[in-house]
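# Descriptive structure summary
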Amino acid sequence: ALQAGLLPNPHFDTNNPQVFAGQNSLFNAGIMQEFVVKGKKRLDRAAAIKVVQQNEFAYLQDRFVLLTALRQQYYTVLAAERRTTALKQLQKITSSTLESGRALKKVGENAKIDILVLAIDSQTVEAKLENAKLEARLEKLEHALNASR
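Residues numbered from 1 in each chain as written. Predicted model: local features only at pLDDT ≥ 70, side-chain atom pairs only at ≥ 80, totals over all residues. Heavy atoms only, no water.

For any pair of aromatic rings, the description rests on two quantities: the centre-to-centre distance and the angle between the ring planes. Inspection of the entire model under this criterion finds one aromatic pair. Each ring, one from Y74 and one from Y75, has its centre 5.2 Å from the other, and the planes form 70°; the classification is edge-to-face. (Phe/Tyr/Trp six-rings, centres within 6.5 Å; stacked < 30°, edge-to-face > 60°.)

Another point: helix 1 (residues 40-107). Its 68 residues place the ends of helix 1 100 Å apart at the C-alpha level, agreeing with the 100 Å of an ideal helix rising 1.5 Å per residue. Backbone geometry just downstream of helix 1 places G108 in the positive-phi region, at approximately 105°. (Helix = DSSP H or I, 4+ residues; strand = E, 2+ residues; numbered from the N terminus. Expected span 1.5 Å × (residues − 1).)

This brings us to the confidence of the model for the protein. This prediction gives the protein a mean pLDDT of 83; 83% of its residues lie at or above 70. Across the protein, the element-wise mean pLDDT spans from 70 in strand 2 (residues 30-32) up to 90 in helix 1. (pLDDT = per-residue confidence, 0-100.)

Our next topic: a nonpolar patch on the surface. Together, F57, Y59, L60, F64, L66, L67 and L70 line one region of the surface with nonpolar side chains, adding up to about 710 Å² of accessible area. Relative to the assigned elements, F64 resides in helix 1. (Patch = residues over 30% accessible without salt bridge, like charges linked within 9 Å, V, L, I, M, F, W, Y side chains within 5 Å. Areas by Shrake-Rupley, 256 points an atom, 1.4 Å probe, with all protein chains shown as cover. Salt bridge = Lys/Arg side-chain N within 4 Å of Asp/Glu carboxyl O.)

Within the secondary structure, I31 is located in strand 2. Sequence spacing of I31 and D13 is 18 residues, and the spatial spacing of their C-alpha atoms is 6.1 Å. Once residues lying within four places of it in the same chain are set aside, the contact partners of I31 are P10, H11 and F12. (Contact = heavy atoms within 4.5 Å.)

Throughout the structure, instances matching the rule amount to four salt bridges. Across the pair R102 and E99 runs a salt bridge whose closest N-O atoms are separated by 3.4 Å. Separated by three residues within a single helix, R102 and E99 lie in helix 1, roughly one turn from each other. Residue R102 is classed as partly exposed on the basis of its relative accessible area, which comes to 38%. By relative accessible area, which is 47% here, E99 ends up partly exposed. In this structure, E130 and K133 form a salt bridge, with 3.8 Å as the shortest nitrogen-oxygen distance. Here K133 and E130 lie together in helix 2 (residues 112-148), a separation of three residues that amounts to about one turn. Given a relative accessible area of 44%, E130 falls into the partly exposed group. Given the relative accessible area of 25%, K133 is considered partly exposed. (Buried < 20%, exposed > 50% of the residue type's maximum accessible area, 1.4 Å probe, protein only.)

Pasting the structure below:
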């Protein structure tokens, strides 16, 4: 942007023809200097400054897009890990409830249908836990793959 506002350098020009005409050839030399008037250089410099500003804004926008993507990936991985932890705790609870229901059935306090409902709940939680573990691994791999690019 600074160079756009500078005046042009003087030129040394020989003006010699490509074909020499022997003794009739004329040789001359001269210096040329362009004089810029009516604020053209000021306008050129202002235009160059605007281009630089636009490029800086585009860089900042790209940077914020990248940081937002990283933040989203981080929270996605964190949510998958928390879901896995919560499902592990729920699996412990459902398995202990199933064992308690089986113990009550042996004593005669519980019906077979209640045990089946508890077994279905326990199996559902186990399936969700396995799915959550796979999703957490997948999210970590995607995060590592995106980070390496």
